[in-house]
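Geometric and topological summary
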Amino acid sequence: MTSQHFWWFATAATVIVVQACVIVRLLAIRLARRRARSIQEERGLERQRMEVSLAERLAFEKLLSSLWSAFSNVLTDDFDRQVQEALHRIVAFLDVDRGCLLEFTRDDPTVRSWMTQAGPDLGDFPWSIARVRRGDIVSFSRVDELPDAAAVDRATCDAAGITSQIAVPLAVGGAVVGALVLSTTKVERAWQADEGNQGLHLLGEVFAYALSRKQVEHEAQRLRQELAHIGRVSAMGELTASLAHELNQPLTAILNNAEVARRFLAAEPLDLAEMCAILDDIIADDKRAAEVIQRFRRLLKKGDIEYVSLDLNVLVSEVGRLLIGNAVIRGIPMRLDLAPDLPRVRGDRGQLQQVVLNLVLNAFDAMSGMGAGGGVQNLTIRTHCDGAHAIVEVRDSGTGIAEKDVDQIFEPLYTTKSEGLGMGLAIARTIVDAHGGRLGATNNGDGGATFHFSLPVPHSAT
Amino acid sequence: MTVAAAPVIYVVDDDASVRKSLTRVIGSAGYAVEAFASAREFLARDASPGPGCLIVDVRMPGLSGLELQDALAAGARHRMPIIFITGHGDVPMSVQAMKGGAVDFLTKPFDVENLLEAVQRAVAKDVHELGTEQEIAEVLARVATLTPREMEVFALVVTGRLNKQIGGELGIGEKTVKVHRARVMDKMRASSVAELVRLADRAGVIVPTQRDRTKVQ
């Protein structure tokens, strides 16, 4: 080969190599770009995914926080409605078909439930409920997943058209107070592993709180009712005297009439018209006596708490009638000064009667030591309205409240008397507080004291 | 001394049934009855002059039975006997009632026999007292007709002094004393010194003391 060919060959080879390098470089760049683009795309997708998941998360947080605030403000009356609403929202959010809240009570096998729509009886899920009560999550994505031991449950699902279900136990302080059960009836739903369930747990917590709070309030109400009953029973001594006095009148009249009738029977001629008149009077007085007993019995009856719309004027008049005998025995004139247009309030009749009763008995005691030398004795019960509240005042002309006692008188077991438990005012305050009202006392300028309590007037009341 | 008017029983009780049945009971025993719903209504009534008694409930709204008892005692007029009835008996109350001069104190529901017996006692007591009152009024009327000198003689005669002694005390002659004495006996319608003494006692004529006697001697 000549050197000339060599140089041509070398040049050609160089050019080829250079070209190849350029091509390779170009290819590499292209590859790199492509990779970068796909990474970008991927990142973009990921961001999208993250944004979606963030939006979901936000929506979830919103749902959660609004459920919390709904239940922290709930009144006992409203509880059922709030639960229904919450269940519906959760069902919608999680895209299931049915939601159900179960409440377990300690020592009691019965189960309360709230459901978004009518469904099978809970007794038909014995296996699931037994496990949930122990604190286990019970879920299945297909009915077939249920073990043989859960045959009854399986049958129920088939009958109700449930395709998948998850039951999350709700625990407060280590005790299972209920369960949140979500079911689908259209598709089979795969329940997520733990982190998905975490959302359910958070939702469950709201219900757990709501249920336990409801139970606590229930218990508190029950105790208050017991306390009021004790208060009524301890007031019985005073009431008995009143009762005896009230009964004596018709009994006396009946005896007088009967004796006269007896004499008339021995007389000639028999005055039938007069006999009939006498018997009519006897019957009327008997009924009167029965009424008196009824009135007292109603007061002493231990009933369940029932919040109803009340007219405080009527309530005060009833208590006044119960105690008039007592007032007469003590020689204390009792006056009622009732506002004619007093708005109605919501409360438990028995408990509020108890409050007025305690205040009046307290006033009687304040005036008992005084006698003739202490000036004019009188007791006035007054009702009036200040726009937002209905107010009841019991004003006495007794000894008044000593400065040092002013804060203490409402404490339980505090008494300045030689007899009595000292529970009357404490019970009264507990009841008024539970009704959303306030009970207080002030000394009168002209001697004696006034005990007053106010109850809120519901906005919708006319 | 007999009193002409028939006895009237007054019933005061705030309970309508009790009032009505009591009226029946007492009416059936032959008395005239008037019923009132409160002590005030009773006090406002037109009082009849004849004998009677009051049946009143101790505890009533407004003026109580015991307060009524006090009001009647303070009044100048005829103090009728009171029978208390009560639906709520207690010892201090009954003691106060009896001390205030009540005829009886019955707790509701009382035995009608007991009530009627108490009414009988009360009416009898009132008749007697009215008779006595009338008597006293008459004696006092007679005393009022005596002249001052006759009064002096009267007062000394009833101490058992002799005419001579009386003359000595008053500074008049025995004969003058005899004249005054006769006039006193006549005006007082007494037939003996003993009767004069009784009338003086009734009328509450003040008798001179021992001291004056020794002074004369």
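These notes cover the structure that comes with them. Keep in mind that this is a model prediction, so the values were computed, not measured. (Residues numbered from 1 in each chain as written. Chains lettered and ligands numbered in written order. Predicted model: local features only at pLDDT ≥ 70, side-chain atom pairs only at ≥ 80, totals over all residues. Heavy atoms only, no water.)

A word on the overall build of chain B
Helix and strand content of chain B: 10 helices and five strands. For chain B, buried positions account for 44% of its 217 residues. (Helix = DSSP H or I, 4+ residues; strand = E, 2+ residues; numbered from the N terminus. Buried < 20%, exposed > 50% of the residue type's maximum accessible area, 1.4 Å probe, protein only.)

Side note on the packing of helix 6 (residues 148–157) of chain B against helix 8 (residues 174–188) of chain B
All names here are of chain B. In contact at an axis separation of 9 Å, helix 6 and helix 8 are set at 85 degrees when each is read in the N-to-C sense. In terms of axis orientation, helix 6 runs roughly perpendicular to helix 8. Only H180, R181, R183, V184, K187 and M188 of helix 8 make contact with helix 6, whose side of the interface consists of R149, E150, V153, F154 and V157. Grouping the amino acids of the contact of helix 6 with helix 8 by side-chain chemistry returns five nonpolar, one polar and five charged. (Axes fitted to C-alpha atoms, helices over the stretch in contact; angles between N-to-C directions. Parallel < 35°, antiparallel > 145°, perpendicular 65-115°, else oblique. Contact = heavy atoms within 4.5 Å. Nonpolar A, V, L, I, M, F, W, Y, C, P; charged D, E, K, R; others polar.)

Brief notes about the nonpolar core
Residue and element names in this part refer to chain A. Counting 51 residues, the largest nonpolar core has V360, F364, L379 and F453 as the members making the most contacts within it. Breaking this core down by element, the ones donating at least two residues are helix 6 (236–266), helix 7 (272–300), helix 8 (312–330), helix 9 (349–368), strand 9 (379–385), strand 10 (389–396), helix 10 (424–434) and strand 12 (449–456). In terms of residue count, helix 9 provides more of this core than any other element does, 10 residues in total. Every residue in contact with L379, bar those within four places of it in the chain, is listed here: I332, P333, M334, R335, V360, A363, F364, M367, V394, R395 and D396. Grouped together as the second largest cluster of nonpolar side chains are 28 residues, F71, A86, L200 and V206 included. (Core = buried A, V, L, I, M, F, W, Y, C linked by side-chain atoms within 4.5 Å.)

Examining the pairing of strand 1 (residues 98–105) of chain A
Residues and elements named next belong to chain A. Burial of strand 1 is extensive: seven of the eight residues sit out of reach of the surface. Pairing between strand 1 and strand 5 (residues 175–184): six bridges, direction antiparallel. Counterpart to R98 in the pairing with strand 5 is S183. Taken together, the six bridges between strand 1 and strand 2 (residues 108–115) define a ladder with antiparallel strand orientation. Bridge assignment links L101 to a residue of strand 2, and that residue is W114. Counting the residues in the hairpin turn of strand 1 and strand 2 gives two residues, including D107, whose phi is positive at 65 degrees. (Pairing = 2+ DSSP bridges.)

Regarding the pairing of strand 4 (residues 164–172) of chain A
Residues and elements named next belong to chain A. Burial of strand 4 is extensive: seven of the nine residues sit out of reach of the surface. Pairing of strand 3 (residues 138–140) with strand 4, which is carried by three bridges, proceeds in the antiparallel orientation. Within strand 4, the position partnered with V138 by the bridge is A167. If you look at the hairpin formed by strand 4 and strand 5, you'll find two residues sitting between the two strands, and G173 has a positive phi there, around 60 degrees.

Read these as geometric descriptors, not functional statements.
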